[in-house]
Amino acid sequence: MKVARSELWAGRTLLLALMAFTILPFISIFMTALHPSGTVPSGLDWPENPQWINFVTAFNMAEMPKLFASSIFIVLSVVPATLVISTMAGFAIGLLRIPGSRVLLFLFVFGLTLPFQGIIIPIYFLERAIGIYNTRVAIALPLIALYMPFAVFWMRAHFVNMPSELSEAARVDGATTWDLFWRIHIPLARAPVASLGILTSIWTWNQFLLCLVLVEDPTQRTMAGGLGAFQGHYANNVPLLCAGTILILVPTLLIFILFQRQIISALLQGSVKG
Amino acid sequence: MPAPYRPTMNSIETSGNRPKTIENSRRIFRSKRVRRETFIGWLFTLPALFMYAFFVLVPFLMTILYSFFRWNGVGPMTWVGVKNYVSVFQVPNLIGTIFNAFWLVVWFSFIPVCLGLIVASVIHRVATGTFGLVARTVLFLPQVIALVAAGIIWGWLLALPGLINQMLKAVGLSVITRAWLGDFHWALPAVGMVGVWVLLGFCTVLLLTGMTKIDPALYESARLDGASWVHEFFAITVPLLRHEIGVCLTVTVIAALAAFDIIWVTTAGGPGNSTSVPGIQIYILAFTQRAIGLASALAVMLMVLVVIVILPIQWLTRESEK
């Protein structure tokens, strides 16, 4: 496509301006984080004497190692469980097409638009009643359930497009349903399962509301939940708050830079299918 | 990693026997097999179904149930009928949250989708190479970070000594500088800006993916007929991106109506109730004021609201061939 020179520059200027709009907030908190703790600097101002120690202070105050371990624990208990049970359900609904699968699908799709706030109150009382309130499990179990509508829908979309000849051929060779699932379709479903894994990991890492309601102890929360608590304590110490925010952002940003292609395509596909 | 499937000796024998079996017994065999398979199929769905029922469907029904009672969370529950719903409609602070939520839709949904359409078509036209790729990645960045972090970052940017006011002063607009999040009139648009920042990249990249699927020949022929950029945009790009626009609208409208994280860390609903949305009010009612029934009624209304708004969007923008 041929494009006029003036249009080319106008377009590039607009893009550069929007990129600045996206990046400047990060630069601003980075510069602020280097100011002496407790002072109130201005938005974009490189300090005379950069206080790198702020990152160490924030690291200790936010109990970063504990918070990190807690997040990893929650992600590792939520994501594999979500992948396994949603793949199984997606397989039964999309490929085996068991009687009642339409009803089941409808039931799960119904949950797609349900906001977390809509059901958080009973979850709180339910967890108090069964005695898991204020533990990491209190975040993990509802999260697995809340991912089910999307995850089942996602896996079903994959299985429903698999050619039926594949399953029939295996049947002729005497494969049981379990063989069909475990030996034929799981190896073929690696790509959608991987995307689902990326998505649920990011969502879990960033989960805030469930942490806020269900867990009082910040060190039992995910990173985002811990950050919320940190903000509560250090709202008036701007440099320290910025340093803490940066520390909590670093793992997400690293993962994004490493896997940006997969993450972008997973998030896009996820929303298109959802 | 599971091993590739290999038929066992046993299964080869059965399949070898098959042609000899007579029609009738085959049918019986099959119906038995079908029943067994159905049973096994249902077993496959059980774990997902159990988790979903226990932590989503039951709480969903419980929310509806709670909404008909007056309850402080520990004492006895009193049946009050639809009184909680009446209260939601009558108390200005409660019904106001719903108006605020719709106001937020303009910022979280309308602006990112419109701007995203423009930005995507700009990238599509003038930045197909590395520059476009970099722009895409950078704009997408806010989408992966926690909303809490986005809120904290912008809480500082919009503060009195923050970057926004600094820039306004630099261009000679110091008259309008203020603590944006503490201002009754400006707090909601300020929170809305955070939404634009978070959602613009998502909309841009999604719409861009749709644009690359449009046949370039369409644009070529339009240009031969002397169509301008604006013509092209409204006659080709927008109609053919109907499905993608629908997806963007759905995602962003839900993000607006069910907003919580960003608002909680920036304003917590204040000043007054000027940025209070249903999500925030549900939390405050249920967990600080212990008005479980009222909070549940608002929660039910929020869920109904989301469905009412999303259904027409889905219906209008569905791909016709499917």
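Since we're looking at a predicted model, the values are computed, not measured.

S.K.: Looking at this structure, how should I read the overall build of chain B?
M.R.: When you go through chain B residue by residue, the secondary structure sums to 14 helices and two strands. Looking at chain B as a whole, 43% of its 322 residues are labelled buried. For chain B, the proportion of contacts with a sequence separation of at least 24, taken over those separated by at least 6, is 72%.

S.K.: Would you mind showing me how to read the overall build of chain A here?
M.R.: Looking only at helices and strands, one finds 12 helices and zero strands in chain A. Along chain A, helices (α) and strands (β) appear in the sequence α-α-α-α-α-α-α-α-α-α-α-α when read from the amino end. The C-alpha radius of gyration of chain A comes to 23 Å, more than 25% above the 19 Å expected for a compact globule of 274 residues. Taken along the three principal axes of its C-alpha coordinates, chain A extends 75 × 65 × 30 Å. The buried share of chain A, taken over its 274 residues, is 49%.

S.K.: What should I look at first to understand the confidence of the model for chain B in this one?
M.R.: Parts of the model with low pLDDT should not have their predicted coordinates read in detail. In this model, chain B carries a mean pLDDT of 85, and residues with pLDDT of at least 70 account for 89%. Model confidence for the complex is summarised by a pTM of 0.86, with the ipTM given as 0.88.

S.K.: Any chance you could explain the packing of helix 1 (residues 5-33) of chain A against helix 5 (residues 130-140) of chain B here in plain terms?
M.R.: When two helices pack together, their arrangement is given by the angle between the helix axes and by the axis-to-axis distance. Close contact between helix 1 of chain A and helix 5 of chain B brings their axes to 9 Å; oriented N to C, the two are set at 30°. Note that helix 1 of chain A runs across helix 5 of chain B; the crossing there is left-handed. On helix 5 of chain B, the residues touching Leu 15, Leu 18, Met 19, Thr 22 and Ile 23 of chain A of helix 1 of chain A are Ala 135, Val 138 and Leu 139 of chain B.

S.K.: Sorry if this is basic, but what is going on with the domain arrangement of chain B here?
M.R.: Reports of interface size often rely on the accessible area that becomes lost once the parts have come together. Along its sequence, chain B is organised into domain 1 (9-49) and domain 2 (83-317). When each unit is reduced to the centre of its C-alpha atoms, the spacing between domain 1 of chain B and domain 2 of chain B is 52 Å.

S.K.: Explanation requested: the nonpolar core in the structure shown.
M.R.: A general feature of soluble globular proteins is that nonpolar side chains tend to end up buried together. Counting residues in each nonpolar core, the largest one holds 181 residues, and the members touching the most others are Met 148 of chain A together with Ala 149, Ala 150, Leu 257 and Leu 298 of chain B. For this core, the leading source of residues is helix 6 (residues 136-159) of chain A, giving 17 residues. There are two domains that each give this core at least three residues, and those are domain 1 (9-49) and domain 2 (83-317) of chain B.

S.K.: What should I look at first to understand unusual backbone geometry in this one?
M.R.: Backbone phi values are negative for most residues with the exception of glycine, while trans is the configuration of most peptide bonds. Positive phi values are uncommon outside glycine, yet Asn 134 of chain A reaches one of about 65°. Following the sequence through the fold, Asn 134 of chain A ends up in the loop between helix 5 (116-130) and helix 6. What makes Asn 134 of chain A partly exposed here is the crowd of 14 C-beta atoms within 10 Å. Backbone geometry at Ala 268 of chain B places phi at a positive 55°, although glycine is not the residue there. For Ala 268 of chain B, a count of 14 C-beta atoms within 10 Å gives the class partly exposed.

S.K.: What's the story with the interface of chain A and chain B in this structure? I'm lost.
M.R.: Opposite the 88 residues of chain A that make contact, chain B presents 86 residues. When the residues that make up the side of chain A that touches chain B are grouped by side-chain class, the tally is 63 nonpolar, 20 polar and five charged.

S.K.: Is there a simple way to explain helix 1 of chain A in this structure?
M.R.: Because an α-helix completes one turn every 3.6 residues, residues spaced three or four positions apart along the sequence face the same direction. Residues and elements named next belong to chain A. For helix 1, with 29 residues, the first-to-last C-alpha span of 41 Å sits near the 42 Å given by 1.5 Å per residue. The largest bend along helix 1 reaches roughly 35° and is located at Ile 23, with the proline Pro 25 sitting one to four residues downstream. Of the residues making up helix 1, those classed as buried are Gly 11, Leu 15, Leu 18, Pro 25, Ser 28, Ile 29, Met 31, Thr 32 and Ala 33.

S.K.: Can you help me understand the environment of Ser 87 of chain B in this one?
M.R.: Residue and element names in this part refer to chain B. Tracing the backbone through its elements, the reader meets Ser 87 in helix 3 (residues 83-90). By the C-beta count within 10 Å, which is 17 here, Ser 87 ends up partly exposed. Taking the C-alpha atoms as reference, Ser 87 lies 37 Å from Cys 114; in sequence the two are 27 residues apart. Among residues more than four places away in sequence, those in contact with Ser 87 are Leu 94 and Leu 294.

S.K.: Would you explain the environment of Ile 145 of chain B in this entry?
M.R.: By secondary structure assignment, the location of Ile 145 of chain B is in the loop between helix 5 and helix 6 (147-157). Note on Ile 145 of chain B: 22 C-beta atoms within 10 Å, which makes it buried. Separated by 123 residues in sequence, Ile 145 of chain B and Ala 268 of chain B have C-alpha atoms that sit 20 Å apart. Residue contacts for Ile 145 of chain B: discarding those within four places in its chain leaves Leu 249 and Thr 252 of chain A together with Ala 150 of chain B.

S.K.: In this structure, what is going on with the packing of helix 3 (residues 64-96) of chain A against helix 6 of chain A? I would like to understand it.
M.R.: Relative orientation of the contacting elements helix 3 of chain A and helix 6 of chain A amounts to 35°, with a least axis distance of 7 Å. When the axes of helix 3 of chain A and helix 6 of chain A are compared, the crossing they make is right-handed.

S.K.: Is there a simple way to think about the environment of Gly 210 of chain B in this case?
M.R.: Residue and element names in this part refer to chain B. When you line up the elements, Gly 210 lands in helix 8 (residues 187-212). Among the residues examined, Gly 210 registers 22 C-beta atoms within 10 Å and is labelled buried. C-alpha separation for the pair Gly 210 and Glu 220, spaced 10 residues apart in sequence, amounts to 18 Å. The contacts of Gly 210, once residues within four sequence positions are left out, are Leu 241 and Glu 244.

Reading the values: the criteria
Residues numbered from 1 in each chain as written. Chains lettered and ligands numbered in written order. Predicted model: local features only at pLDDT ≥ 70, side-chain atom pairs only at ≥ 80, totals over all residues. Helix = DSSP H or I, 4+ residues; strand = E, 2+ residues; numbered from the N terminus. Buried ≥ 20, exposed ≤ 12 C-beta atoms within 10 Å, placed from the backbone. Contact = placed C-beta atoms within 7 Å. Rg over C-alpha atoms; globule rule 2.2 N^0.38 Å. pLDDT = per-residue confidence, 0-100. Axes fitted to C-alpha atoms, helices over the stretch in contact; angles between N-to-C directions. Left-handed = near helix turned anticlockwise from the far one by under 90°. Domains from an automatic or database assignment. Core = buried A, V, L, I, M, F, W, Y, C linked by C-beta atoms within 7 Å. Nonpolar A, V, L, I, M, F, W, Y, C, P; charged D, E, K, R; others polar. Expected span 1.5 Å × (residues − 1). Bend = angle between axes of the 7 residues up to and from the residue.

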